[in-house]
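Structure assessment
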Amino acid sequence: MPIEVRPLAQHIGARMTGIDAREPLSSTEIAAIERAMDRHAVLVLPDQDITDAQQLAFTRNFGPLEDGANSGARDSELRLPVVFADVSNLDKEGRVAARDNKKRMAALANRLWHTDASFRAVPARYSILSGRVVTSEGGNTEFADMRAAYDALDARTKAEIENLVCEHSLIYSRGQLGFTEFLPDERVAMKPVRQRLVRTHPVTGRKSLFLASHIGTIVGWPRPEAMAFIRDLIEHATQREFVYSHRWTQYDLAIWDNRATMHRVRRFDDLHVVRDMRRTTTRSDGPTAEQEAA
């Protein structure tokens, strides 16, 4: 079957057919995916009924795996191997998580606009999310194009943000929802990292906003002023014209470029309906900013 790519929205997102993620990819297929990603930033590959092993093999075509993707979770709490982010609503026994389950509480922050692994010194490149069991109501994933959002800024704002650096941590995003139950060693592991607010894509050369709910301040700014400014930028970047909302079908495989997007999941009945989604992630080439000395 020939590879076909059909845009899904004005700025962001495309549906790609002609790829079987269960099989080893040829160099031509890998190049086709990367070209489409550079243009559309989000790809949806339908009908990909894959196993965990097949998803890992597919992901490795696009760079080194992001280890410890279940950010903040202890090994004893994991349902899946550590190279997966378990973005389901299931506990480690495979049951729907209780309302006060700690993993569920932390995962509620996925409903905030964010970029995967921006809280790591070397942030994420691609995220690859497999819809094993999807919901019939709610649970859409929304993607915002940070390239188009940057392009739409006025010249004065572009000049103001060009060299700004932000601090990112899971503590900040979880804290927005009132989740503050971190153990001392978790707080050490979640020490803020620095990321540029404006980044340049290494292939296309396009600039984009590097935003996330994980941001807790702008280096050198008073924190209230920084957070008000970041809120303004996120509101700008998530206007409907920049957003594609994906309605999941079982076995969809969604790929997005964290260097060019933000995303969030929408609310669903997670106390009664099963949603089993499994994410693998690859790392970017390196940090976007120099880190603060220990």
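Quick note: structure is the one above.
Summarised in this report is the structure supplied together with it. (Residues numbered from 1 in each chain as written. Predicted model: local features only at pLDDT ≥ 70, side-chain atom pairs only at ≥ 80, totals over all residues. Heavy atoms only, no water.)

1. Section: the overall build of the protein chain
In plain terms, the rule: Here a helix means four or more residues in a row that DSSP labels H or I, a strand means two or more in a row labelled E, and each is numbered from the N terminus. Taken over C-alpha atoms, the radius of gyration is set against a globule rule of 2.2 Å times the number of residues to the power 0.38. The buried label applies to any residue whose accessible area, calculated with a 1.4 Å probe on protein chains only, is under 20% of its type's maximum; exposed applies above 50%, and partly exposed to all values in between.
Looking only at helices and strands, one finds eight helices and 15 strands in the protein chain. Taken over the C-alpha trace, the protein chain has a radius of gyration of 18 Å; the compact-globule value for 294 residues is 19 Å, and the two agree within 12%. Taken along its principal axes, the extent of the C-alpha atoms in the protein chain is 50 × 40 × 35 Å. Taken across its 294 residues, the protein chain has 52% of its residues classed as buried.

2. Points about helix H2 (residues 52-59)
The following threshold applies: Think of the arc as the fan of directions from the helix axis to the C-beta atoms. Contacts were defined at the residue level, with two residues in contact if any of their heavy atoms lie within 4.5 Å.
Those residues of H2 that sit buried are Gln55, Leu56, Phe58 and Thr59. An end-on view of H2 places all buried positions within 160° of arc, on one side of the element. Looking at the buried positions of H2, the neighbouring elements they touch are helix H1 (27-40), strand E3 (42-45), strand E5 (124-133), strand E13 (253-257) and strand E15 (276-283).

3. Quick notes on the side chain of Asp86
The test is simple: Under the rule applied, a polar contact is a pair of N or O atoms within 3.5 Å (in protein, one hydrogen donor and one hydrogen acceptor; residues adjacent in sequence only if both atoms are side-chain atoms).
Structurally, the position occupied by Asp86 is in strand E4 (residues 85-86). Using a relative accessible area of 8% as the deciding quantity, one classes Asp86 as buried. At 2.9 Å, the side chain of Asp86 and the side chain of Arg79 are in polar contact. Here the side chain of Asp86 touches Ser88 through a polar contact of 2.7 Å, side chain to side chain.

4. So, the pattern of salt bridges
Spelled out, the test is: Any Lys or Arg side-chain nitrogen located within 4 Å of an Asp or Glu carboxyl oxygen qualifies as a salt bridge.
Taken as a whole and assessed by the stated rule, the structure comprises 24 salt bridges. Arg264 is the salt-bridge partner of Glu142, the closest N and O atoms lying 2.8 Å from each other. Placement of Glu142 in strand E6 (residues 141-145) and of Arg264 in strand E14 (residues 261-265) is noted, with a sequence separation of 122 residues between them. Glu142 sits in the buried class, given a relative accessible area of 7%. Counted as one network, the salt bridges with shared partners bring together Asp52, Arg79, Asp86, Arg132, Asp276 and Arg278.

5. A short note on the nonpolar core
Test applied: For our purposes a nonpolar core is just a set of buried Ala, Val, Leu, Ile, Met, Phe, Trp, Tyr and Cys residues, chained together by side-chain atoms within 4.5 Å.
Ile161, Leu197, Leu209, Leu211 and Ile230 are the most contacted members of the largest nonpolar core, which has 25 residues in total. Those elements that place two or more of their residues in this core are helix H4 (146-151), strand E11 (215-218) and helix H8 (223-237). With six residues, H8 is the largest single contributor of residues to this core. Apart from the residues lying within four places of it in its own chain, the contact partners of Leu197 are Ile161, Leu164, Cys166, Ser208, Leu209, Phe210, Leu211, Ile230 and Leu233. Judged by nonpolar contacts, the second largest core, of 18 residues, contains Ala14, Met16, Ile19 and Ile128.

6. Some points on the sheet that holds E5
Filter applied, for reference: Strand pairing is assigned whenever DSSP identifies at least 2 bridges connecting the two strands. Each axis is a line fitted through C-alpha atoms, and for a helix only the stretch in contact is used; angles between axes span 0 to 180 degrees, taken between their N-to-C directions.
With mixed pairing, seven strands are arranged side by side in an open sheet as E1-E2-E3-E13-E5-E15-E4. Edge positions in the sheet fall to strand E1 (4-7) and E4, since each has one partner strand and no second. Looking at chain direction, strand E2 (residues 14-17) and E3 are connected through two bridges and run parallel. Across the sheet, the residue bridging to Ala14 is Leu43, located in E3. Lying over the sheet, H1 contacts E1, E2, E3, E5 and E13, oriented at roughly 130° with respect to E3.

7. Observations regarding unusual backbone geometry
Trans peptide bonds make up the majority, and among non-glycine residues the majority have a negative phi. Look at Asp47: it is not a glycine, yet its phi comes out positive at around 60°. Mapping Asp47 onto the fold places it in the loop between E3 and H2. Its identity as a non-glycine residue notwithstanding, Ala117 has a phi of 60°, on the positive side. You can see Ala117 is positioned in the loop between helix H3 (102-107) and E5.

8. Side note on the sheet that holds E14
In a beta sheet, neighbouring strands are held together by backbone hydrogen bonds and run either parallel or antiparallel to one another. Taken together, the three strands give an open sheet; going across it, the order is E12-E6-E14, and neighbouring strands pair in antiparallel fashion. The sheet is open, and its two borders are formed by strand E12 (243-246) and E14, each paired with just one other strand. Geometrically, the sheet is characterised by an average inter-axis angle of 20° between neighbouring strands, direction not taken into account. Across four bridges, E6 lies against E12 in antiparallel orientation. Among the inter-strand pairings, Phe143 is bridged to a residue of E12, identified as Tyr244.

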